[in-house]
Amino acid sequence: MLNNKLTIGELAKELGVPIRTLRYYDKIGLLKPSDYKEGGHRLYSTEAIVRLQRIQSLKFIVFRQKTPASRNGKGIAQ
C-alpha cells in the first residue's frame, strides 16, 4: 500500500471484486481512482473503498429485489 492507497490489484483482492469490474466502474465514472502511479496504475483511497462497498451493497439489494421469490412477495421480509 502506497501512502494509505491501494493499487487496483490490492483493492480487487481485498474486496473480492474482479479487476475488470473496477476498470469498468472507472470507465463509466462510477468509481474513479483517487490517484495514479507512474505508468498510469490506478490508486484508490479509503474513501474509494467505502464507495465500492456501497456500490456492492446496492448491487446486492437490487439483485435481491429482482429475484423470482421477491416477485411473489417471499423475497424480502415485509
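Up top is the structure.
Below, the structure is looked at part by part. All values derive from a computational prediction rather than experimental measurement. (Residues numbered from 1 in each chain as written. Predicted model: local features only at pLDDT ≥ 70, side-chain atom pairs only at ≥ 80, totals over all residues. Heavy atoms only, no water.)

Comments concerning the overall build of the protein chain
Scanning the protein chain from terminus to terminus reveals 4 helices and 3 strands. Tracing the protein chain from N to C terminus, the helices and strands come up as β-α-α-β-β-α-α. A buried classification covers 27% of the 78 residues belonging to the protein chain. Long-range pairs, those at least 24 residues apart, make up 46% of the contacts in the protein chain with a sequence separation of at least 6. Surface summary for the protein chain: the accessible area is close to 6,000 Å², and the carbon and sulfur share equals 53%. (Helix = DSSP H or I, 4+ residues; strand = E, 2+ residues; numbered from the N terminus. Buried < 20%, exposed > 50% of the residue type's maximum accessible area, 1.4 Å probe, protein only. Contact = heavy atoms within 4.5 Å. Areas by Shrake-Rupley, 256 points an atom, 1.4 Å probe, with all protein chains shown as cover.)

A look at the side chain of Asp26
Mapped onto the secondary structure, Asp26 falls in helix 2 (residues 19-27). Residue classification places Asp26 among the buried residues on the basis of a relative accessible area of 8%. Here Arg42 takes part through its side chain, which lies 2.8 Å from a polar atom of the side chain of Asp26. Dropping the residues within four chain positions of it, Asp26 is found in contact with Leu31, Lys32, Pro33, Tyr36 and Arg42. (Polar contact = N/O pair within 3.5 Å; in protein donor to acceptor, adjacent residues only side chain to side chain.)

Looking at the packing of aromatic side chains
Counting across every chain of the model gives 1 aromatic pair. Seen from their ring centres, Tyr24 and Tyr25 are 6.4 Å apart, and the 50° between their planes marks the pair as tilted. Of the residues examined, Tyr24 reaches a relative accessible area of 48% and is grouped as partly exposed. (Phe/Tyr/Trp six-rings, centres within 6.5 Å; stacked < 30°, edge-to-face > 60°.)

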